[in-house]
Amino acid sequence: MLTHVWGLLAHPHREWKQIQHERETLTHLYAHHVLALSAVPVVCAFIGTTQVGWGLGGDRTILLNPLDAFYAGCVFYLTILAAVYLMGSVIHWLGQRYSAHPSRRACIIFAGYIATPMFLSGIVALYPIIWLCLLAGIIGLCYTAYLLYIGIPAFLGISSEEGFIVSSSTLAIGVLVLEAMLAATVLLWGYGERILLSIL
């Protein structure tokens, strides 16, 4: 797992080819990559919201009850796992319009790996200041887009010309899914309601 994480960050072109040659299963992907990495933002958010507290960078912070944060974390974790499967299905659906016709398995595996920078950007939730989390999320999203653009032809076998269209469409849908998840996360972790009450 850690080999692929480092490889995707350091030399993604070579890593995509290596991942493609492994012919891994969805079970292996989730067991050795997605389940562990998707826990990073969840665990970090749990620690950050219960020990440090949400904040805008000023003196006001909002601490969550550990039990509330635990339940929110469980839902957040399951949502991330489902989002990986959903984005893989979106890539599969978009890819069927082109000559390569990648399998659903390959598309979900691809989605699991391109989400790696987003998973890792969740580390900043240990110190959950809104602007810092947004900055880390934008950096993670940019690198995810980069992995997506170079991975479509390298991993899924869709040509660069067709891959640009698939990548752009996937990125647009992915951003919508991410925005929905971020909005749900803010509400889920109790930040939205509590910050409004503290401001008023």
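Note: the structure precedes this text.
Per chain, residue numbering runs from 1 following the sequence as it is written. Per-residue local features of the predicted model are confined to residues with pLDDT of at least 70, and side-chain atom pairs are confined, for both listing and counting, to 80 or more; whole-chain, interface and lining totals are unaffected and use all residues. No hydrogens and no water enter the side-chain calculation; it runs on all heavy atoms of the structure.

Comments concerning the overall build of the protein
Logical step 1: Tallying secondary structure elements over the protein gives 10 helices and 2 strands in all.
Logical step 2: For the protein, the succession of helices and strands along the chain, N to C, is α-α-α-α-β-β-α-α-α-α-α-α.
Logical step 3: By residue count, 44% of the 200 residues in the protein fall in the buried class.
Logical step 4: Here a residue-residue contact requires only that any non-hydrogen atoms of the pair lie within 4.5 Å. Put simply, 71% of the contacts in the protein that link residues at least 6 apart link residues at least 24 apart.
Logical step 5: Summed over all atoms, the accessible surface of the protein reaches about 10300 Å², with 71% contributed by carbon and sulfur. A run of H or I in DSSP counts as a helix once it spans at least four residues, and a run of E counts as a strand once it spans at least two, with each numbered from the N terminus. Accessible area is worked out with a 1.4 Å probe on protein chains only. A residue is then buried under 20% of its type maximum, exposed over 50%, and partly exposed in between. Only the protein chains shown count as cover for residues, and the accessible areas themselves come from Shrake-Rupley with a 1.4 Å probe.

Quick word on a nonpolar patch on the surface
Logical step 1: Surface patches are defined over residues having more than 30% relative accessible area and no salt bridge, joining like charges when they lie within 9 Å and nonpolar side chains (Val, Leu, Ile, Met, Phe, Trp, Tyr) when within 5 Å. Salt bridge, as used here: a side-chain nitrogen of Lys or Arg that lies within 4 Å of a carboxyl oxygen of Asp or Glu. Where nonpolar side chains cluster on the molecular surface, the patch consists of Val43, Ile47, Val52, Ile123, Leu126 and Tyr127 and spans about 490 Å² of accessible area.
Logical step 2: Tyr127 gets classed as partly exposed once you look at its relative accessible area, which sits at 47%.

Section: the packing of aromatic side chains
Logical step 1: For Phe, Tyr and Trp, rings pair up if their centres lie within 6.5 Å, where Trp contributes its six-membered ring, and each pair is then called stacked (planes under 30 degrees apart), edge-to-face (over 60) or tilted (otherwise). Applying the stated rule across the entire model yields 6 aromatic pairs.
Logical step 2: For the pair Trp16 and Phe110, a centre-to-centre distance of 5.0 Å together with 40° between the ring planes defines the contact as tilted. Remark: Phe110 occurs in helix H6 (residues 104-114) and Trp16 occurs in helix H2 (residues 12-22); sequence separation between them is 94 residues. The pair Trp16 / Phe110 is uniform in exposure class, with both members buried.
Logical step 3: One aromatic cluster in this structure is built from Trp16, Phe110 and Phe155.

Some remarks on the packing of helix H3 (residues 26-37) against helix H4 (residues 39-52)
Each packed pair of helices is defined by two parameters, the angle between the axes and the distance between the axes.
Logical step 1: One can describe the packing of H3 onto H4 by two numbers: an axis separation of 4 Å at closest approach and a directional angle of 30°. With respect to H4, the element H3 is oriented roughly parallel. Residue-level contacts link Leu35, Ala36 and Leu37 of H3 to Ala39, Val40 and Pro41 of H4.
Logical step 2: Class assignment of the residues belonging to the contact of H3 with H4 gives a composition of 6 nonpolar, no polar and no charged. Axes here refer to lines fitted to C-alpha atoms; in helices the fit is confined to the stretch in contact. Angles between the N-to-C directions go from 0 to 180 degrees. Every angle not falling under 35 degrees, over 145, or within 65 to 115 is termed oblique; those three ranges are roughly parallel, roughly antiparallel and roughly perpendicular. Only Asp, Glu, Lys and Arg are considered charged in this grouping, and only Ala, Val, Leu, Ile, Met, Phe, Trp, Tyr, Cys and Pro are considered nonpolar; every other residue, Gly among them, is considered polar.

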